[in-house]
Every structure is written in structure tokens, then in C-alpha cells.
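A closer look at the structure
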Amino acid sequence: MSKVSRREFLRKSSAALLVAGGSVYINPFVAFAGDPLKGLSWDKAPCRFCGVGCSVMVGVKNGKIMAVKGDPKSSVNQGALCVKGYSLPFIQQGPDRLTKPLIRKKNGRYDKHGQLTESTWDEALDLIAEKIQEAVREIGPSAVGMFGSGQWTIWEGYAASKLWKGGLRSNSLEVNARHCMASAVAGFMTTFGMDEPMGTYEDFSEADAFVLWGANTAEMHPILHSKITDRLASHSKAKLINLTTITNRSSDMADQEILFKPQSDLAIANGIANLLVQRGQIDRDFIKKHIVFKHGKENIGYGLEDKFAFKDKAVLKDFEAFKTYVARYTPEYVEEISGVSKDDLEMLADIYGDPKVRVISLWTMGVNQHTRGTWMNNLIYNLHLLTGKISKPGNQPYSLTGQPSACGTCREVGTFTHRLPADMVVMKPEHRAATEKIWKLPAGTIPAKPSYHAVEMMRALDRGDLRIFWSMTANPFQDYPNLNRYKSGALKDGRFIIVSDVYPTRSTEVADVVLPSAMWVEKEGAFGNAERRTHFWKKMVDAPGESKSDLWQLVEVAKRLGYGKLFDYSSAEFPVPTGYPPSDATLTAGFYLEKALWEEYRQFGLGHGHDLAPFEVYHQTRGLRWPVIDGKETLIRYREGYDPYVEAGTEVQFYGNKKQDNKATIWFRPYEAPPEIPDAEYPLWLCTGRVLEHWHSGTMTRRVKTLHKAYPHATVNIHPADARKWQISQGDLVKISSRRGSVKVYVEVGGRVTPQEGMIYVPWFDEDVMINQLTLDAFCPISKQTDFKKCAVKVEKLASS
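Reference entry: report on the structure contained in this document.

The rules we used
Residues numbered from 1 in each chain as written. Predicted model: local features only at pLDDT ≥ 70, side-chain atom pairs only at ≥ 80, totals over all residues. Heavy atoms only, no water. Phe/Tyr/Trp six-rings, centres within 6.5 Å; stacked < 30°, edge-to-face > 60°. Helix = DSSP H or I, 4+ residues; strand = E, 2+ residues; numbered from the N terminus. Buried < 20%, exposed > 50% of the residue type's maximum accessible area, 1.4 Å probe, protein only. Pairing = 2+ DSSP bridges. Contact = heavy atoms within 4.5 Å. Axes fitted to C-alpha atoms, helices over the stretch in contact; angles between N-to-C directions. Salt bridge = Lys/Arg side-chain N within 4 Å of Asp/Glu carboxyl O. Core = buried A, V, L, I, M, F, W, Y, C linked by side-chain atoms within 4.5 Å. 1 Å grid on protein atoms, 1.4 Å probe; cavity = no way out; pocket = protein on both sides within 12 Å on 5 of 7 lines; lining within 4 Å. Points joined across faces, edges and corners; volume = space filled by probe spheres on them. Parallel < 35°, antiparallel > 145°, perpendicular 65-115°, else oblique. Left-handed = near helix turned anticlockwise from the far one by under 90°. Nonpolar A, V, L, I, M, F, W, Y, C, P; charged D, E, K, R; others polar. Polar contact = N/O pair within 3.5 Å; in protein donor to acceptor, adjacent residues only side chain to side chain.

**Some points on the packing of aromatic side chains**
On inspection of all chains with the given rule, the structure shows 45 aromatic pairs. Ring geometry for phenylalanine 147 versus phenylalanine 469: centroids 5.9 Å apart, planes at 25 degrees, classification stacked. With phenylalanine 147 in strand β8 (residues 144-148) and phenylalanine 469 in strand β18 (residues 468-472), this residue pair connects regions lying 322 residues apart in the sequence. Like phenylalanine 469, phenylalanine 147 is buried. Where phenylalanine 204 meets tyrosine 398, the ring centres are 6.1 Å apart and the plane angle is 70 degrees; that geometry is what we call edge-to-face. One end of the pair, phenylalanine 204, is in the loop between α5 (182-192) and β10 (209-213); the other, tyrosine 398, is in strand β17 (residues 396-399), and 194 residues separate them in sequence.

Here it is, written out as C-alpha cells:
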């Protein structure tokens, strides 16, 4: 698309967006007479899909959600919503909504090989407590595993962490954010000593260039993409570069699409760094004041073996050593590895190296779901640190998130096996002691060693080292890689699977107990988004049938296990709220449980750069970006004049790295090949991902008729040249196979997503196309995040269209 035609297109798109921003979407599932918008009670809630954190106005009447619209007072989405946001009234209305507890029974009693049968809450919770106690007696606390997600509210994740680590004394707690954000966490921690981005969405209106590193923002983060396109339309010199392995909708508006070979982003980033150094396009004063150089281990493995263990070891280096290290990544060498031309590499170096160009780097799963995901995060930060283009308006490296509270619940609360709240970890005695003090536990309660990260948790379940696996707000038996192994492991005798969810899924199919959960505004909640914004909402409608919130479920199980005191707070200090409906957890407790948990949780971050505001403040705002000091949020971290933690006269302080004089780290990280590459038997790359209309495993969005009709089933996207080579046509039925499994799927040649030659693309939302039966359970040895983006497959034609 030419520059002129693109500008015209963007102007029209912006006008359309404004119309969408003023739209109200009425719920057709609710019968009404007269004006459906008359007499509605409106209140705000964050969207419960991606990590952007759009604010939604929810219209309720007679206990029903009647309509939704974008919140015009929110700086995140400014009244607009994407197609999934407008579908929010429908996600609770599926005819197969789970409303009663189910236990797998035969002859009226629990039986692993029986049928799921309706039961009572008492029977289901008593059975869960009995099985947990049995596993603890026979093996130990680590045999009891919980798997949550960034769909947990902040207090649900906090309660799970407190019960597991402070009650059961088990670190067998993981979340599906391990599959999507763990490399981002590891990248932040190893570079800055603190997690999460330094900038906010306000930076988008200041940038001159946007570089997408494996991030299809047009489909995955459409509201953020609209901020990019608004900047392109209003600022004639603004540029968008799409670095990608597949042609996608983000390419449509890009000044340039740069296709690269899978895994070769490592070489590209090093190649840009080499050009910056060779040309002298670096900020030497910034480097001298604010940077240290480190070289970590290399040839670090891929985590394919059970009980794989790795520990990085950093060696201090200097700038001259770094200059020598990246010198091998010449444009010619980079092109040989990646296919990216010398001209394109030099153009990228020009963007990062020009001191007059403010640049935002954006990335998601293309970088994070990577066997060297931590390294790639480090390497992108290297480019910003070498040039000093960081923690300034419009100059930011920006890791995006895919879940509504992957940041707030998983990362900030610390619902990983190795983490505690506010960036603390179980391995450090002082962190355990601080946590035990806040939780009022005896010293030595919290185990000192992590147990199982997400992939190893499933392997332990298969081996029998883990006996209890409780999934909440997740669909692991569709989401995990190498699914055939892990599903068969869950079905083995002696394994007890609990699934809390809102609809039947591939995970409820293998469950021994299914618990019906409340969702979104059927409970009270808080999410934390990708710009450090914490956003609260109130309960607005009742959950159907006997469904209960995950917080209620956790506390009720805690009581049966003898850990009820962990959640016992003062009714005088935290009275049940009036003026709006209290949650089921609060009504059962007899005090405001959500507020009590929040006020306890926020103690972890006060004075440590993670400061959160008092509970009531969030209900009066559209969310606040931490650290919140004296009621004021922080828009840019680490920069004097923006961040109250930065001392006067220092300009910049990366205060997460106090032990290295508040300096950030530039890492030596090489290109290394992936563990599985195409060969004669399996000649194609497989890349998996999402589509605009559906979210994750499709549990909610496939039950929305408009979204399902728009994209009813997953297809395999094939490059036209490969289609000709394999004699495959549009609509043909094919079989895709890897060394681990196979699926049957229909072909789309080109289309919205066109992979590069030698690659196919299949989204994973469709439970009838279980593409994760094929994916490889290799992971980044540092972050333990799985690589869903590359494995070797073959395609066989079964039937013509």
C-alpha cells in the first residue's frame, strides 16, 4: 500500500473507529419491551479478554446484562471496543453453561472410570479435600498441584498462592501465563531486576516508529493497534515495521513487512546491535552511567527431558568485549541465517540509531513462546539501552500480554512455583520471611525450593509424582503442547483431576470433578493490565444455577483442609459492603473478603516500587498504574521527574538492580538453532496462534454466534507456492502430522494469514482441531516457557474440495 493511499485508508478507519466507540451493543438473549436502554444501571468493568485492559460500561436491568459499550472515560480504549469486547454480553449465555458440580461416578460412588454425574457442593468439596489429604500423606505436599491463569482475579490468585504456599506448604502452583509471559518476566528480571514495562499506552502518541517483533497487534491487540494507526495518520513521518514469520493484518498498514526464518530473530537483533556499535549510533554517556555488561551460558538445551534443570551463570564483561562479540553478526551473516536483506537490516538500525527518532518495540508470543525467549527479550532491550531510547515519552521497549490479568494476578501476585508477591521468590530466605510475617505464619512454613513449572507439572502428573491437578480459569488439555502424552497421563489410575470452569471443555472431559464457576461480573474482581494498571469492578449480576466464584471455592476447600484461618479477617475492620451486591465469598465469610485480601496483599509492595493504592480508591477511578505514591500513578518508571523512586540528580535509576548500582544489564546472547527443524520426512514448519474473532481455546468466543459464524473452524493456512508444490487447493481436507500426533483440517491458501514458504499456520481455538497434539514441549531453559511457534510437520492430502 502506498504512503498516500495508506493515509487515506487510515483516516477512514479512524472515522469508523469513532462510530464503533459510540456504539451500544444490546443483548438479544434478554427479552425486553420498549426501549431496551431505558432504565439501565451502568457500571464499569475491565474487559475479560486480552491484556490491553479496555474499560467496558455494562448496562444491567432486572439482574440481567442488557448491553455493553466502550467506556469513553477510559484512557485505554476511549470508548472503543474490539469485536470480542462487544461480544461480552453473550459469553455468559451459552446453553451448555455449567451450573452444578459433577463427580465421575459408577454405582453412585466416585470412580475414575465412571461417568460425570451431578452432585452437591458438599460432596464434591469433601471429595477434593479427601484426595488432597491422601496425596499429602502418601507422597507429600508437592504432589498437590494447582494450575490457574491470568483470568483469575487478583484476589483469587492471591488466595490460591496463600493456600498452596502458606497452607499446604506446596510450591506446586502454576499458571498458563507460564506459556505466554514467563520469558517476558525473565527478560525484565535479568535486565532490570524488576518485572513489567516502564512505559504506558500514552507513549504511543509520542512515537515516530513502531517495530513489531512477532506481534500481530491488528488482530491480537486491536485497540492498541488503533493507537498505532492513529499515530500513523496524524504524524506524517511515523513508521510501522512488521518483523514477522507470516504475512498478517498488521502487515496491511505497515511501511514495511520483513519476513524472517523461524528462530532467526536472535541473529537479527544482534545484527542491529552490531551496526549500531560499528556506526557509533549509540549513547556512550548513557551506557557509561547506566549499563553493565554480562555474558551468560550458551548451548543451554531445550528442556525436552523430564526433570531438566538449568541455572544460568553470568560473567561480567565490558563494552569492548560486547563490541567484539556482536561483530560476527554482519549483515551478510544475518542474511544467511534469517533471510533478511542487508538493506532491511540497515533500515532497522537507522530507526534505532537515529537520535531524532522515538521508537517503540512491541512483542508478544513470537518472542516469548521461543526456546530462547529470555534471550530475545534481553536482545530487544539491548537495542534500547545501547541508544538510550528507554523510559522516555515515545521511547520504550514494550512487552504486551495476552490475558486480562497475566500481569496483575500471575506476575504481580506471583502465582508461579518460584515466585511470591512483588517480585519476591521462594528461593530467598528474606523473601520467605517477609511473606510469612505478612501471612502471620511460623518461620519456615514456605518451602524453599520450587517444585514444578507448567510443563514439568504435567510430566510429573504423567509419572505419578503429582497426584492432584486442579485447573481453574484454564483449559490445559487443549492448551498444552505434546497433548497426547499429558492427556494420557491425566487418565491414569491414581491421578485426580479437578476442573473449575464455566463450560464443558476438553479439560472437563478428563476431569474427576467439575466445579461450575462464576465469571466476569457475576463476581467482584480486579485485573492488572499490560501498562501496570490495576482496575476493579463490582458484582453486577448473579451466576446461574449453583455456580460459585473461584475465590469461594478456594476458601471452602481451605476450610476442609484445616486452613480456614488463612482467610479469617475482622468483620469490624472489613464489614460486608452495602449499596452494591456482595460476592458469594463475602456473604459466606461474613466480612468483605475481597477488601481484606487486597489490603493484606498491598503490604508486599509498599516502599518497594510496587506500591498499590487503598481498596476504595480503585472503585473511584478507571484504574491506576503502579507504583502509586500519595495517590498519584506513575506513567514512566526509572526516569527522574516521572518516577518518585528515582533520586534527584540521577536522571535514570534502574532501581531493581540495587546490587549493581541501579544499572541495567546488556546481555551477550547468541543465535542458536531450534531443537527441531524441517527435514525430508517432516519438511514444513508449523506455527500456531490466535485469530481476531476467538480468544485462546475458544471456550467463550465459540459460543458467541456472530464470532462463531465469522470464523467457525480452524483452517491450515498455506503459502500459494507450497500449495502448488504439494498439489493442494483451497478447501481440501488434509492431514497434518508431527512426530507426536496428527490432525485433520481444511486448507486455506493464502488468506488473512499467509505463512512464508515452507511454513503452515494453524490457530488453536478449535477443540475439533487439536493442533497441540502436534506441538513440541521444548521450552526456554531460563523462563521455562514453551515454544508453540515452531516444530516440524508434514501435510498429506486426504480429499479435494
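**Brief notes about the sheet that holds strand β21 (residues 525-528)**
To summarise the sheet geometry, strands pair through backbone hydrogen bonds and adopt either a parallel or an antiparallel arrangement. Spatially, β21-β22-β23 is the arrangement adopted by the three strands of the open sheet, whose pairing is antiparallel. Edge strands, defined here as strands with exactly one partner in the open sheet, are β21 and β23 (624-625). Where helix α3 (residues 154-168) meets the sheet, its contacts fall on β21 and β22 (533-537), and the angle it forms with β21 comes to roughly 90 degrees.

**Describing the pattern of salt bridges**
Oppositely charged side chains can pair when the atoms bearing their charge come close. Overall, the coordinates contain 52 salt bridges when judged by the stated rule. Residues participating in the shared-partner salt-bridge network are Asp306, Glu456, Arg459, Asp462, Arg463, Asp465, Arg485, Lys492 and Asp777.

**With respect to the nonpolar core**
In terms of nonpolar packing, the biggest core is built from 88 residues, with Phe192, Trp213, Ile268, Ile272 and Leu385 touching the most fellow members. In contact with isoleucine 268, other than residues within four places in its own chain, are Trp213, Leu243, Phe260, Val334, Ser338, Val340, Leu345 and Leu348. Within the second largest apolar cluster, 76 residues are counted, among which are Trp121, Ile128, Ala177 and Trp439.

**Description of empty space enclosed by the protein**
Summed over the entire model, instances satisfying the criterion amount to eight cavities of 30 Å³ or more. As a volume, the largest cavity reaches approximately 660 Å³. Around the largest cavity sit 37 residues that line it, and Met365, Gly366, Gln369, Thr688 and Lys789 are the ones nearest its centre. When contributions to the lining of the largest cavity are tallied by element, the ones reaching two or more residues are α4 (177-180), α14 (365-368), β25 (684-689) and β30 (759-763).

**With respect to the packing of helix α9 (residues 265-279) against helix α11 (residues 319-326)**
The contact between α9 and α11 brings their axes to 9 Å, and the two run at 125 degrees. As judged from the angle between their axes, α9 and α11 are oblique. Handedness of the crossing formed by α9 with α11: left-handed. Taking contact as the criterion, the partners of Asn270, Ala273, Asn274, Val277 and Gln278 in α9 are, on α11, Phe319, Phe322, Lys323 and Val326. Looking at the contact of α9 with α11 residue by residue, the classes come out as five nonpolar, three polar and one charged.

**Side note on the environment of asparagine 395**
Tracing the chain through its elements places asparagine 395 in the loop between α15 (373-387) and β17. Separated by 270 residues in the primary sequence, asparagine 395 and leucine 125 place their C-alpha atoms 51 Å from one another. With residues near it in sequence (within four places) discarded, asparagine 395 still touches Val357, Arg358, Val359, Lys389 and Ile390. Within the local environment of asparagine 395, its side chain forms a polar contact with the backbone nitrogen of valine 359, the two atoms lying 2.8 Å apart.

**Description of the packing of α3 against helix α23 (residues 593-601)**
Orientation of α3 relative to α23, taken along the N-to-C sense of each, is 70 degrees, at an axis distance of 10 Å. Taken as axis vectors, α3 and α23 run roughly perpendicular relative to one another. Taken together, the residues of α23 that come into contact with α3 (itself represented by Ile154, Trp155, Tyr158 and Lys162) are Glu594, Leu597, Trp598, Glu600 and Tyr601. In the contact of α3 with α23, the residues fall into six nonpolar, no polar and three charged.

**Quick notes on the sheet that holds β25**
Spatially, β25-β30-β26-β28-β27-β31 is the arrangement adopted by the six strands of the closed barrel, whose pairing is mixed. For this sheet, the mean angle separating the axes of adjacent strands, direction not counted, is 45 degrees. The sheet contact formed by β25 and strand β31 (residues 791-799) spans three bridges and is antiparallel. When the bridges of β31 are listed, leucine 686 appears paired with cysteine 791.

Bear in mind that shape data such as this cannot, by itself, settle questions of function.
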